[in-house]
Amino acid sequence: MNYPVWVVPYLGGSWVIGIIAIIHIFISHFAVGCGAFFALAEELAYRRGDERIYAFLKQHSRFFVLVTTVAGAVTGVGIWFAVSLVGPDGIASLIQCFSLAWAEEYLFFVAELATAFAYYYTWNKISRQKHLLLARLYMIFSIATLVIINGMLTFMLTPGKWLTSHNWVDGFFNPTYCPSLIIRLLIMFALAGMYALVTSSRIAEPKFRTFMVRYCAKWLLPVFVIGPVVGFWYLTQIPQATMHTIFTGIQSSGVGNFSILARALYLSLILSGTIILFNFFGPYLNPRGFTFRIALLFLVCGLAVTGTTEWMRELLRKPYIVYGYLYSNGMHTDELPAKVDASFLKKGRWATAMATPDMPPVAKGELLFRYECMSCHTVRGYRSMKTLLGPRDEDALVGFLQLLRMRDRSVNPYSGIMPPLVASDDELQCLSKYLATINQKERAQAISMSH
Amino acid sequence: MAAELQQENKLAKLIGNFLVSRLSLADLQHLAAKKKVPVHKHSLWYYMGGITMIYFAVQVVTGILLMVYYVPEINAAHASILKINSQIDFGWFIRSLHSWGSTLMILSAAVHLFSSFFMRAYRQPREITWWAGLVLMILCLAFGFTGYLLPWDDLSFFATKVGLDITAKAPLVGGLLGPLLKGGNMISQATISRFFGIHVAILPLTLISLLAVHLMLVQSHGMSEPAAFADTPPEKRRYEPFFPDFFFKDMLVWILALNVLFVLVVLFPWGVGPEANPFAPAPIGIKPEWYFLGAFQFLKLIPPMVGPIEGELFGILAMSLVGLGFLIMPFIDNGSQRRRALLATIYGVAVVLGLIFLSIWGALS
């Protein structure tokens, strides 16, 4: 409410961030996982003096450098642009809290990039021992970027003691920091194995191909052995209300009230199961038959499960950007007015400037909609208001909005799922007038059917 | 490196040897190793039969689980489905697996049937395999038809009523089959009981028996080879052993097929409509399931009377003739003439395109 709103029709701003972020995650996880893969595989080659492994790694590193430096950088900058436009309040809070951590993150990121280039361009130009050292350095720098960014990402769901102390170290080493770091590392190793399987499937010599395919398949083992235990640890650390939302979603799956969170959870579990079986029956048990096309398909499955799990993680902290501190529509919890019918348009800097006294009610309602609802809903499209409002008329909408204003969970069933509505009685009328312009067609249809 | 691989496989070999000797699997192993699968650009279609089978296995397992709570009684059927969906832990999941599984089973069976047709798998000596496949396809559709009524909701009731009315008008067998299935003049308890019996006993037994024959024939004749592949010189033809190469790839395809099913179930769980009321008017724009939409739309297009013949009867006769074409295809295109092969292709393409076009039209109208 202190910044302009970026209206993204149909898709919604959150999905603009989501799409770019998910692609960036695919690449960044590959970058970190492959750091470990290169270091360990090159050590294997060094110990055995196996030229074939060296040749494989050289070929794999070409693909790796191209993807991580070009696509990784483009999407990384893309996230910053998208987040600044869609959720400026959220990113402002993260920058203010973790200035030092961001600086360190960039430091390691630059070191990671420099080492990646050095690693690729020094093949056969420096001694094997030095090249192995470069691989290890790259692994350390890339994991360091994860160690830092993980603090900020987990802070958003579980700010922990930071909520009272406002000390950045408390926010950084928050309750989900450790389980999240371990599980991310495991996923990164698995993805590194999957990417390497694509390269391995193209090796011409059958015996070496069998060896490399099996070697890469083993990189998926840690996530499936340790992953469930760490996943359980992670779940014990997330807020109680979030766990409640998950269980409600699971219990009500069969009666139509099937939450997106529950769907994302099921999808994540199902796709993970697919990966386990596929990995066992494919590259491990039948390395000879594991062709390039199958490897690509397998990688797509792996990316799908990673994307779904990230989507689920994002859903866990709804309706907040920073849990218990900042709502998804940019309103801070401590800024919530004590009175239920306090004005919204007199609070935010930009929103106040936009709301001129002679503004027509419908335009004022649209302004309120943009600031209070549009971070999660679109007019027509993702979480469409047109669908959600159904055939409600203006009076029904006023009643519904009055309910959304309530902060008592026993009265307002949406409390905890949506940010509380802040609106004076006059603003509430304006908002309902605007919403009634969205579902005109549905209302007309309902009236004609009742006749 | 080789020594390392041997070490890794030591445990697997130990277990394998134990099972081979205790279960006398050597003959089976020999048979599987002897079987070769042709490798060519159309090899992808060889997986469709396996996919259909895995979906059928899902139907059997989920069907048995649903029978634990489903009550085939006119006053309790709908309530039992509601209970499965809302009160039984993961009941909605099992039911959705069954409902989506039936759709995918019919889809994959249809793709298998048409891909076999276009690969000329009906030619000598595989005529009986082809006919068995045709009957299996009909059985799959019968599964869909009989299972659709069981939830006893508004849509299933009226869609079945339309389906039974059409069945009753079928030439020769319609007069007998219609009342036999309905168990009286209208859809009632007798209909549910009969449909349930057919769905859970008669159809599975028939399908499993026929499937055994179909598989046995596939085993004895081997995989059919497209003409272009068969015409290439023997030294240029490539084959892979059925076991383990093809078998493990088949497993991967099964895993993916199951994955598609699970994703559909999770994203679009199968709902249940309001309880059927036989005395209420039929809902506006009622349509059958997608696999009957083409036939439904075709019948809708035919005028009430075509010359001296009643419109619906004419339509059923026309559709029966199309079906007959598939039945007698092994005699028409026996591989002796190119012209006949071309005719078969045109016939197959026309039927596929017609079916797709009518189904889309039916869905949109």
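What counts, and at which threshold
Residues numbered from 1 in each chain as written. Chains lettered and ligands numbered in written order. Predicted model: local features only at pLDDT ≥ 70, side-chain atom pairs only at ≥ 80, totals over all residues. Helix = DSSP H or I, 4+ residues; strand = E, 2+ residues; numbered from the N terminus. Contact = placed C-beta atoms within 7 Å. Buried ≥ 20, exposed ≤ 12 C-beta atoms within 10 Å, placed from the backbone. Domains from an automatic or database assignment. Nonpolar A, V, L, I, M, F, W, Y, C, P; charged D, E, K, R; others polar. Axes fitted to C-alpha atoms, helices over the stretch in contact; angles between N-to-C directions. Parallel < 35°, antiparallel > 145°, perpendicular 65-115°, else oblique. Expected span 1.5 Å × (residues − 1). pLDDT = per-residue confidence, 0-100.

**Let's talk about the overall build of chain A**
1) Next: Counting secondary structure elements, chain A contains 20 helices and two strands.
2) Next: Overall, the C-alpha framework of chain A stretches about 80 × 50 × 35 Å when taken along its three principal axes.
3) Next: Counted over contacts in chain A with a minimum sequence separation of 6, partners at least 24 positions apart contribute 74%.

**A few points about the overall build of chain B**
1) Next: Looking only at helices and strands, chain B has 15 helices and four strands in total.
2) Next: Projected onto its principal axes, the C-alpha positions of chain B cover 75 × 55 × 35 Å.
3) Next: Split into buried and exposed, the 365 residues of chain B put 32% on the buried side.
4) Next: Put simply, 78% of the contacts in chain B that link residues at least 6 apart link residues at least 24 apart.

**Remarks on the domain arrangement of chain A**
The extent of an interface is frequently quoted as the accessible surface area lost upon association of the parts.
Residue and element names in this part refer to chain A.
1) Next: As assigned here, chain A comprises domain 1 (13-327) and domain 2 (338-450).
2) Next: Contacts between the two partners involve six residues from domain 1 and, on the opposite side, seven residues from domain 2.
3) Next: Examining the composition of the side of domain 1 that touches domain 2, we find that three residues originate from one element, helix α1 (residues 13-48), more than from any other.
4) Next: Grouping the constituent residues of the side of domain 1 that touches domain 2 by class yields four nonpolar, two polar and no charged.

**Side note on the packing of helix α13 (residues 290-301) of chain B against helix α15 (residues 338-364) of chain B**
All names here are of chain B.
1) Next: Taken N-terminus to C-terminus, the directions of α13 and α15 make an angle of 90 degrees; their axes are 7 Å apart at the nearest point. Taken as axis vectors, α13 and α15 run roughly perpendicular relative to one another. On α15, the residues that touch Trp 290, Leu 293, Gly 294, Phe 296, Gln 297 and Phe 298 of α13 are Leu 355, Leu 358, Ser 359, Trp 361, Gly 362 and Ala 363.
2) Next: Partitioned by chemical class, the residues of the contact of α13 with α15 number eight nonpolar, four polar and no charged.

**What about the domain arrangement of chain B?**
All names here are of chain B.
1) Next: Domain assignment breaks chain B into domain 1 (38-270) and domain 2 (287-365).
2) Next: Counting residues at the interface gives 22 residues for domain 1 and 18 residues for domain 2.
3) Next: Among the elements of the structure, α6 (91-118), α7 (127-149) and α8 (154-168) are those that each provide at least two residues to the side of domain 1 that touches domain 2.
4) Next: A class-by-class count of the residues in the side of domain 1 that touches domain 2 yields 15 nonpolar, three polar and four charged.

**So, helix α8 (residues 177-200) of chain A**
One full turn of an α-helix is made of 3.6 residues, so residues set three or four places apart face in the same direction.
1) Next: End to end, α8 of chain A covers 34 Å across 24 residues, agreeing with the expected 34 Å (1.5 Å per residue, within 8%).
2) Next: Burial of α8 of chain A is extensive: 20 of the 24 residues sit out of reach of the surface.

**Focus on the interface of chain B and chain A**
1) Next: Counting from both sides, the interface comprises 20 residues of chain B and, opposite them, 21 residues of chain A.
2) Next: Looking at the side of chain B that touches chain A, the elements that each hand over two or more residues are α5 (77-86), α6 and α12 (242-267) of chain B.
3) Next: Sort the elements by how many residues they give to the side of chain B that touches chain A and α12 of chain B lands first, with 12 residues.
4) Next: The residue inventory of the side of chain B that touches chain A, partitioned by class, reads 13 nonpolar, five polar and two charged.

**Some remarks on unusual backbone geometry**
1) Next: Cis geometry marks the peptide bond from Lys 318 of chain A to Pro 319 of chain A; its omega dihedral reads 10 degrees.
2) Next: One can find Pro 319 of chain A in the loop between α14 (292-316) and β1 (320-322).
3) Next: In this structure, the amide linkage connecting Phe 243 of chain B to the following residue, Pro 244 of chain B, adopts the cis form with an omega of 5 degrees.
4) Next: Looking at where Pro 244 of chain B falls in the secondary structure, it is placed in helix α12.
5) Next: Here Asn 124 of chain A, not a glycine, exhibits a phi torsion of approximately 65 degrees, which is positive.
6) Next: As for its placement among the helices and strands, Asn 124 of chain A is situated in the loop between α4 (99-121) and α5 (128-157).
7) Next: The backbone of Trp 152 of chain B shows a phi angle near 55 degrees, a positive value even though the residue is not glycine.
8) Next: For Trp 152 of chain B, the position within the fold is in the loop between α7 and α8.

**Notes on the confidence of the model for chain A**
1) Next: Looking at chain A, pLDDT values average 91 and 98% of them are 70 or higher.
2) Next: The element-level mean pLDDT for chain A is lowest in helix α20 (residues 440-450) of chain A, coming to 80, with α5 of chain A highest at 97.

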